[in-house]
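Here is what each chain is made of, one letter per residue.
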Amino acid sequence: MKNGSIHYGDPIKRDGPVETPWQAKWIWGEDNITMHNWLCLRKKVTLSAVPAEAIARIAVDSRYWLWINGEKVIEDGQVKRGPNENDSYFEYVDLTKFLRVGENTIAVLAFYFGNDSKYYSYHSSGQGAFVMEAQLGNVLLVTDESWKVKKHPAFLNRQELKGEGPSTRIPEEHNYYDARLEIGLENWQAPDFDDSSWDKATVYGAVGDAPWGGLWERSIPQMKYWEQCGYQNPWAFAPYQEGTAEEVSIGMRLPYNMQFQPYLKVDAPAGLEIQILSDGDDAINTYYVTKEGVQEFEGWHWMSAQTVTYVIPAGVKILDLQYRQSGYATEFAGSFVCEDEDLNTLWMKSLLTLYITMRDTYMDCPDRERAQWWGDCTNESHMTFYALDPDSYLLYRKGVDTVIGWQRKDVYPAHQTNILQTVVPITNHYFELPFQQLAGVNGFWTYYLYTGEKDLLEQVYQPSMDYLKMWVLGQDGLLAHRLGNWDWPDWGEKFDVPVMENAWYVLALTAVKNMAEVLGITKDLPLINKRIDTISAAFRAKYWTENGYHAPQESYEDNGYAYKFSRPEQPDDRANALAVLAGLADKEQYPAILNVLKNQFNSSPYMEKYVLDAMFAMGEESAALARMRLRYAEMIADEHTTLWEHFHRGWGTKNHAWTGGPLINLSGHVAGVWPEKPGYEQYHVIPQLGDLTEIDVLVPSVKGDIKVQIRRGEKKIRITLDSPENTVARVGVPKLFDGMTVSQNAEYAGEDEKYFYYLAQPGHHEFIGE
């Protein structure tokens, strides 16, 4: 991994804590219980020589910043706790280049969330603690009672003091810093700082002890940090450089909606509160109380916003306002451009929405929850394959590790089967949304198809199979409804739940069948095949009508559906789309289904991806593009650079990555780049252009960049392909008119009513049809 991350051992150990013993102890100050607890730690070590390599192992509940000899080494280190309900993470950090001969000063700022009532994205141990160990030549550095510690008094808990906090669903609190209270701690990280009055650290236990448990290796890169820079509208604060006569609110614009830390430089009297407010929903904000004179401050917690508002009281000279972006360490590697600027905007907004929802985990949103909902994560991971470099894949693998690590038997003891939870890590709560988990099982196969990582299938096969066995078939050959603990098919209304559930289940069964065949596991295939065949026959017989798939009223009175849902009056777009994707719909049924998908608009942005997938799967690209333009028109036109949770601007968050399905649709279907064999050993370029005539796409596959250019005229089409090594590309050249011929430098591989097909080896190819 890059960007400061280190990994030892091949591959990363994903099935439990790393077993290398530790001599270091868990330490903190006297109070390691209080929430929102910020602690300064220092240690000096003397070296006779700088070692060739000095690798530290570090862990904390919850965050840390590290300096060696006054130079920052790690910022916002440690991923949120919770590989399972008992254990924690640690990370390797390379100290080598920061060390010197003689005395070396290690300084750490550690932060304990300590909030077990805010349950998403983090699992509290209940006790703040820090552990560090490094072999520095002949000196072993370990945390123990010899370290010096002091609680940092300037970091305050706004929720506790003023009753103001961000969303109750996230463990972080607002940045709240009172600079008056830092007196005596200026430059406390410096080697020459006098810490003689500080307390000795308290030892709380050894690695492996409760409540921190075993330590799993961090499996994602350290976060990426940009240089500090100015906002898009620096003139907005210029009138106040000589002072504010009254309180002013200044909206400072970022280039796009992003994760960042705000910065200010002011000249002010002591005791004035400056507020730095996000435009997000229930989001993290920053509050700074001034000391006397010229001063600078940068927020410690990351925030998210597109426009950040500085509320500055009277009597403050604003010398500078800036920001520093941060985020998951990956690069924007893919692209899609066509002649329709609205679609280009939609693709880019999808990418920006994806990126702002990546950090410790995939998130549904960066403000209200920061939670790893598995349905969201499944869509987000699929987007990365068309937009980001392969370092992004590690975030999905970490997510899979937690889903497997958090399986629970105690929810339904009678089943004695591990439940795949939908939101992990988590504290004092439990979620199983069966439809999202079925989508997630299908997503395991999608990930393998794009990456070829067989060890993922080995990891997820048995848990997936066990989970699918929990569903029960009724006497009619269809599923008895599984409620989970949140019976959620999608946002919105008019769900045709029986159709949706059976289709999702067949999709998941098919994914697991594919896994079994790759792994050579035959024991479950009879059950899988029998269930697919049974459900398929009953599904068509019971749910098909001349107007599309639509469950009869009796289905809502049987098998538990009467518990919550009522039958929609018209066939549902989501349900019919899933019937297509699951292979349950026959081609002769497509016209009626297409009519549903053209006229019903029940799906939320989460399920809209699947509706569009189905329209492309049916070969109805013109209708798919028309629906895409219609449904996303408001988001495309809006000044906000990320996509909303719902199709209506006022509902939900303004940055929900599940809405980014068009990124996949445009690169994967319209440009037509899609893997056919795992890891792009073979892939296809089968463009579904609709009314588009010019497309340039770059897909950053695991085999290398795939570049496709398409130009279409009335009587001519040219497809240019640059294909990476160790691949075979199956290229489909659209038949624009009768009698068209194709000149090319690839092997002819047949044709159908819509395309001529060719097999292209690595290298540059041109296909010209005229």
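Read on for an overview of the structure. This structure is a prediction, so every number in the text was calculated from the model and none was measured.

1. Things to note about the overall build of the chain
Step number 1: Summing up its helical and strand segments, the chain has 14 helices and 35 strands in all.
Step number 2: Relative to the compact-globule value of 27 Å for 770 residues, the chain shows a C-alpha radius of gyration of 28 Å, a close match.
Step number 3: Long-range contacts, defined here as pairs at least 24 residues apart, represent 74% of the contacts in the chain between residues at least 6 apart.
Step number 4: On the chain, roughly 27500 Å² of surface is accessible, and the fraction owed to carbon and sulfur atoms is 47%.

2. Digging into the pairing of strand S34 (residues 755-760)
Step number 1: With respect to burial, S34 is a largely interior element, 5 of its 6 residues being buried.
Step number 2: Note: strand S31 (residues 728-734) against S34, 6 bridges, orientation antiparallel. In the strand pairing of S34, valine 733 is matched with phenylalanine 756.
Step number 3: Where strand S33 (residues 747-751) lies against S34, 3 bridges are found, and the strand directions are antiparallel.

3. With respect to the pairing of strand S5 (residues 71-77)
Step number 1: Where burial is concerned, most of S5 is hidden: 5 out of the 7 residues are buried.
Step number 2: Pairing between strand S4 (residues 63-68) and S5: 4 bridges, direction antiparallel. The partner of leucine 66 across the bridge, within S5, is isoleucine 74.

4. Some remarks on the side chain of aspartate 572
Step number 1: As for its position among the elements, aspartate 572 is in the loop between strand S25 (548-549) and helix H9 (573-581).
Step number 2: Exposure remark for aspartate 572: the relative accessible area of 0% places this residue in the buried category.
Step number 3: Side-chain polar atoms of aspartate 572 contact the side chain of asparagine 602, separated by 3.0 Å.
Step number 4: If we skip the residues at most four places from it in the chain, aspartate 572 touches Lys494, Phe495, Asp496, Met500, Val596 and Asn602.

5. Considerations on helix H4 (residues 393-405)
Step number 1: For H4, with 13 residues, the first-to-last C-alpha span of 19 Å sits near the 18 Å given by 1.5 Å per residue.
Step number 2: Of all 13 residues making up H4, 12 are buried, and the element is well covered by its neighbours.
Step number 3: Among the residues making up H4, those that are buried are Tyr393, Leu394, Leu395, Tyr396, Arg397, Lys398, Gly399, Val400, Asp401, Thr402, Val403 and Ile404.

6. Some thoughts on the environment of lysine 349
Step number 1: Along the chain, lysine 349 turns up in helix H2 (residues 341-356).
Step number 2: Taking the C-alpha atoms as reference points, lysine 349 and valine 702, 353 residues apart in sequence, are found 24 Å from one another.
Step number 3: Once residues lying within four places of it in the same chain are set aside, the contact partners of lysine 349 are Met635, Ile636, Asp638, His640, Thr641, Thr642 and Leu643.
Step number 4: Reaching out from lysine 349, the side chain makes a polar contact with the backbone oxygen of aspartate 638 at a distance of 2.7 Å.

7. Description of the packing of H9 against helix H10 (residues 590-599)
Packed helices, taken two at a time, are described by the angle their axes make and the gap between the axes.
Step number 1: Following both chains from N to C, one finds H9 and H10 inclined at 145 degrees, their axes separated by 9 Å at the closest point. Crossing of H9 against H10: the hand is left-handed. For the pair H9 and H10, the contacting residues are Asp573, Asn576, Ala577 and Val580 in the first and Tyr590, Ile593, Val596 and Leu597 in the second.
Step number 2: In terms of residue class, the contact of H9 with H10 is made up of 6 nonpolar, 1 polar and 1 charged.

8. Some words on the pattern of salt bridges
Proximity of charged atoms lets side chains of opposite charge pair with each other.
Step number 1: Using the criterion set out here, one finds 47 salt bridges in the structure.
Step number 2: Here aspartate 401 makes a salt bridge to arginine 14, at a shortest N to O gap of 2.6 Å. Of this pair, aspartate 401 sits in helix H4 while arginine 14 sits in the segment before strand S1 (25-28), placing them 387 residues apart in sequence.
Step number 3: On the accessibility criterion, arginine 14 (16% relative accessible area) is buried.
Step number 4: We note a salt bridge from aspartate 455 to arginine 397, for which the minimum N-O separation is 3.0 Å. Residue aspartate 455 is located in helix H6 (residues 454-468), and its partner arginine 397 is located in helix H4; the two are separated by 58 residues in the primary sequence.
Step number 5: Residue class for aspartate 455 comes out partly exposed when judged on its relative accessible area of 35%.
Step number 6: Three or more residues are tied together by salt bridges with common partners; here these are Arg169, Asp364, Arg368, Glu369 and Glu645.

9. Side note on the sheet that holds S34
Step number 1: In space, the 5 strands of this open sheet follow the order S26-S27-S31-S34-S33, with mixed pairing throughout. Among the strands making up the open sheet, the edge pair consists of strand S26 (673-675) and S33. Sheet twist, expressed as the average angle between the axes of neighbouring strands with direction ignored, equals 25 degrees.

10. Comments concerning the sheet that holds S4
Step number 1: With respect to topology, 6 strands assemble into an open sheet ordered S5-S4-S7-S2-S10-S12, the strand pairing being antiparallel. The sheet is open, and its two edges are formed by S5 and strand S12 (199-200), each paired on a single side.
Step number 2: One ladder, built from 6 bridges, connects S4 with strand S7 (residues 102-112); its direction is antiparallel. Bridged to isoleucine 68 within S7 is isoleucine 106.

11. A few points about the packing of aromatic side chains
Step number 1: Counting across every chain of the model gives 59 aromatic pairs.
Step number 2: Between the aromatic rings of tyrosine 64 and phenylalanine 130, the centroid separation amounts to 6.2 Å while the plane-to-plane angle is 55 degrees, which identifies the pairing as tilted. One end of the pair, tyrosine 64, is in strand S4; the other, phenylalanine 130, is in strand S8 (residues 129-136), and 66 residues separate them in sequence. As far as burial versus exposure is concerned, tyrosine 64 and phenylalanine 130 are alike and both buried.
Step number 3: Judged by centre distance (6.4 Å) and plane angle (45 degrees), the ring pair of tyrosine 386 and tryptophan 674 falls under tilted. Of this pair, tyrosine 386 sits in helix H3 (residues 374-387) while tryptophan 674 sits in strand S26; the two residues are 288 residues apart in sequence, bridging distant segments of the chain. Considered together, tyrosine 386 and tryptophan 674 belong to a single accessibility category, that of buried residues.
Step number 4: Three or more aromatic residues joined by ring pairs form one cluster here, namely Trp38, Trp65, Phe111, Phe113, Tyr122, Phe155, Tyr177, Tyr288, Phe297 and Trp300.

12. So, the layout of surface pockets
Left-over empty space is what a probe sized like a water molecule reveals as it rolls over the atoms.
Step number 1: The calculated volume of the largest pocket comes to roughly 1200 Å³.
Step number 2: Lining of the largest pocket is provided by 46 residues; of these, Leu581, Asp613, Ala617, His669 and Trp674 occupy positions nearest its centre.
Step number 3: Contributions of two or more residues to the lining of the largest pocket are made by H3, helix H5 (434-451), helix H7 (497-519), H9, helix H11 (605-617), helix H14 (661-670) and S26.
Step number 4: Considering each element in turn, the lining of the largest pocket owes the most residues, 8 residues, to H5.
Step number 5: Grouping the constituent residues of the lining of the largest pocket by class yields 23 nonpolar, 16 polar and 7 charged.
Step number 6: Counted as a void, the second largest pocket has a volume near 630 Å³.
Step number 7: What lines the second largest pocket is a set of 27 residues, among which Trp67, Tyr177, Glu182, Gln189 and Trp300 lie closest to the centre.
Step number 8: Looking at the lining of the second largest pocket, the elements that each hand over two or more residues are S4, S5 and strand S20 (293-298).
Step number 9: Sort the elements by how many residues they give to the lining of the second largest pocket and S20 lands first, with 4 residues.

Conventions and cut-offs
Residues numbered from 1 in each chain as written. Predicted model: local features only at pLDDT ≥ 70, side-chain atom pairs only at ≥ 80, totals over all residues. Heavy atoms only, no water. Helix = DSSP H or I, 4+ residues; strand = E, 2+ residues; numbered from the N terminus. Rg over C-alpha atoms; globule rule 2.2 N^0.38 Å. Contact = heavy atoms within 4.5 Å. Areas by Shrake-Rupley, 256 points an atom, 1.4 Å probe, with all protein chains shown as cover. Buried < 20%, exposed > 50% of the residue type's maximum accessible area, 1.4 Å probe, protein only. Pairing = 2+ DSSP bridges. Polar contact = N/O pair within 3.5 Å; in protein donor to acceptor, adjacent residues only side chain to side chain. Expected span 1.5 Å × (residues − 1). Axes fitted to C-alpha atoms, helices over the stretch in contact; angles between N-to-C directions. Left-handed = near helix turned anticlockwise from the far one by under 90°. Nonpolar A, V, L, I, M, F, W, Y, C, P; charged D, E, K, R; others polar. Salt bridge = Lys/Arg side-chain N within 4 Å of Asp/Glu carboxyl O. Phe/Tyr/Trp six-rings, centres within 6.5 Å; stacked < 30°, edge-to-face > 60°. 1 Å grid on protein atoms, 1.4 Å probe; cavity = no way out; pocket = protein on both sides within 12 Å on 5 of 7 lines; lining within 4 Å. Points joined across faces, edges and corners; volume = space filled by probe spheres on them.

Don't take any of this as a statement about function, it's just geometry.
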